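Structural overview for review
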Amino acid sequence: MTFILKTQTGYADAALILNEISMKTPVSVLRLPRGPDPNSRGFDPNSPRFIALCPTTLSSSSSSGAVDEEEQRLRSDLRERFLRTLLLMTDKQVEFNMHEKVRVRARFGASDIDVLNFQVSGLETPLGVQKEALLRCQDVISCSFEL
């Protein structure tokens, strides 16, 4: 998924803005209703879907310690930028580009803990407007919003 940040001064300053934002408040997390299993919340770590989408081991091109530490640092930086972007998107009008060349607009609300779904309000689709909706992240190709 690609995030496009539009600023008043252009696209080049978006990375600087993301680095300057402090994460004093946590990212909004949406708790989904209970799944078919009465003891679950829909996040079964043994399910084929969870295993396919959330691998538990990091793949590494080399077994040397320095390369692993560098890769982990880069992954950590990317994750932090992603979480800051989600925080910036909260309560903003976001345009989602989806498969089959579908474009929808909505006010971003939250993401679930595994970032499998986005909760949005006022979803404007080609067929009409939905007051509240969940968008599957697998269906989203990119999203953009104004800073």
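Residues numbered from 1 in each chain as written. Predicted model: local features only at pLDDT ≥ 70, side-chain atom pairs only at ≥ 80, totals over all residues. Heavy atoms only, no water.

What to know about the nonpolar core
Judged by nonpolar contacts, the single largest core of 20 residues is most densely connected at Phe96 and Phe118. Those elements that provide at least two residues to this core are helix H3 (65–89), strand E3 (93–98), strand E4 (102–112), strand E5 (117–125), strand E6 (128–136) and strand E7 (140–146). Considering each element in turn, this core owes the most residues, 4 residues, to H3. (Core = buried A, V, L, I, M, F, W, Y, C linked by side-chain atoms within 4.5 Å. Buried < 20%, exposed > 50% of the residue type's maximum accessible area, 1.4 Å probe, protein only. Helix = DSSP H or I, 4+ residues; strand = E, 2+ residues; numbered from the N terminus.)

Things to note about the confidence of the model for the protein chain
Of all residues in the protein chain, 59% have pLDDT values of 70 or greater, and the mean over the chain is 76. Of all helices and strands in the protein chain, the one with the weakest mean pLDDT is helix H1 (residues 14–20) (50), whereas E3 scores best (94). Residue range residues 12–16 is modelled with pLDDT below 50. Its contacts to residues more than four positions away, or to other chains, number 2 contacts. (pLDDT = per-residue confidence, 0-100. Contact = heavy atoms within 4.5 Å.)

Side note on the environment of Pro126
Here Pro126 is to be found in the loop between E5 and E6. Sequence separation between Pro126 and Arg105 is 21 residues; the distance between their C-alpha atoms is 10.0 Å. Setting aside residues no more than four positions away along its own chain, Pro126 makes contact with Val102, Arg103 and Val104.

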